[in-house]
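Chains, contacts and geometry: an overview
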Amino acid sequence: AVVSTQSTGINLKIQEYVEWLTSPEYISEMLTLFKDTFWPNGVWADPGPVRQPHVLSLTKFMGHTKMQGMISDELKNIIGKDTVREGVDLVFRMFQAKELNRLLFYKMIESFIEVTFPDNKVKQTLTLLRNNINRRAIIKTHSVTN
């Protein structure tokens, strides 16, 4: 009975937390924070300080090590340690491509907006926006300047 009561209490806490995270007030607060971080006073924010090459290398090494450590020993035993290591190395190298990271970030934001606002036809709006951007790019590529 104690375990059942504890798990009910934990489930309730999780449910309350998820409800708070998806509340309009919290989402509005996060969107405002996002906007103010990237566009303070309506102007694109300056890039952060340039990190030294040794700091970049250390951060890269630590990130790679952390990714390797995230895989459970059980999975390593099932799939094979070399296969897991090679797979993590491949995924890690993919995360080093700036253009892929940008596309992944955009897709994550789109998915978040679609799930958060299901009644707002976000998918159709984004498709129209993409088509408009693609059309402008094609026109710009094929335009003749005098």
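You'll find the structure just up there.
Described below are features of the structure shown in this document. As the structure is a prediction and not an experimental result, all values here were calculated from the model.

**Describing the packing of aromatic side chains**
For the structure on display, the rule yields 8 aromatic pairs. Measuring from ring centre to ring centre gives 6.3 Å for Phe 38 and Trp 44, while their planes differ by 40°; the resulting arrangement is tilted. Under the relative-accessibility criterion, Phe 38 is labelled partly exposed at 35%. Here Trp 44 falls in the exposed class, since its relative accessible area comes to 56%. Ring centres of Phe 105 and Tyr 106 lie 6.1 Å apart, and the angle between their planes is 55°; this geometry places the pair in the tilted category.

**Let's talk about helix α5 (residues 81-94)**
The first and last C-alpha atoms of α5 sit 20 Å apart over 14 residues, in line with the 20 Å expected at 1.5 Å per residue. For α5, the complete set of buried residues consists of Val 84, Val 88, Asp 89 and Phe 92. Down the axis of α5, the sector holding all buried residues measures 135°, keeping them to one side. Seen from the buried face of α5, the exposed residues on the opposite side, beyond 90 degrees, are Asp 82 and Arg 93. Tucked inside the fold, the buried residues of α5 contact α3 (53-70) and α4 (73-79).

Analysis parameters
- Residues numbered from 1 in each chain as written.
- Predicted model: local features only at pLDDT ≥ 70, side-chain atom pairs only at ≥ 80, totals over all residues.
- Heavy atoms only, no water.
- Phe/Tyr/Trp six-rings, centres within 6.5 Å; stacked < 30°, edge-to-face > 60°.
- Buried < 20%, exposed > 50% of the residue type's maximum accessible area, 1.4 Å probe, protein only.
- Helix = DSSP H or I, 4+ residues; strand = E, 2+ residues; numbered from the N terminus.
- Expected span 1.5 Å × (residues − 1).
- Arc of directions from axis to C-beta.
- Contact = heavy atoms within 4.5 Å.

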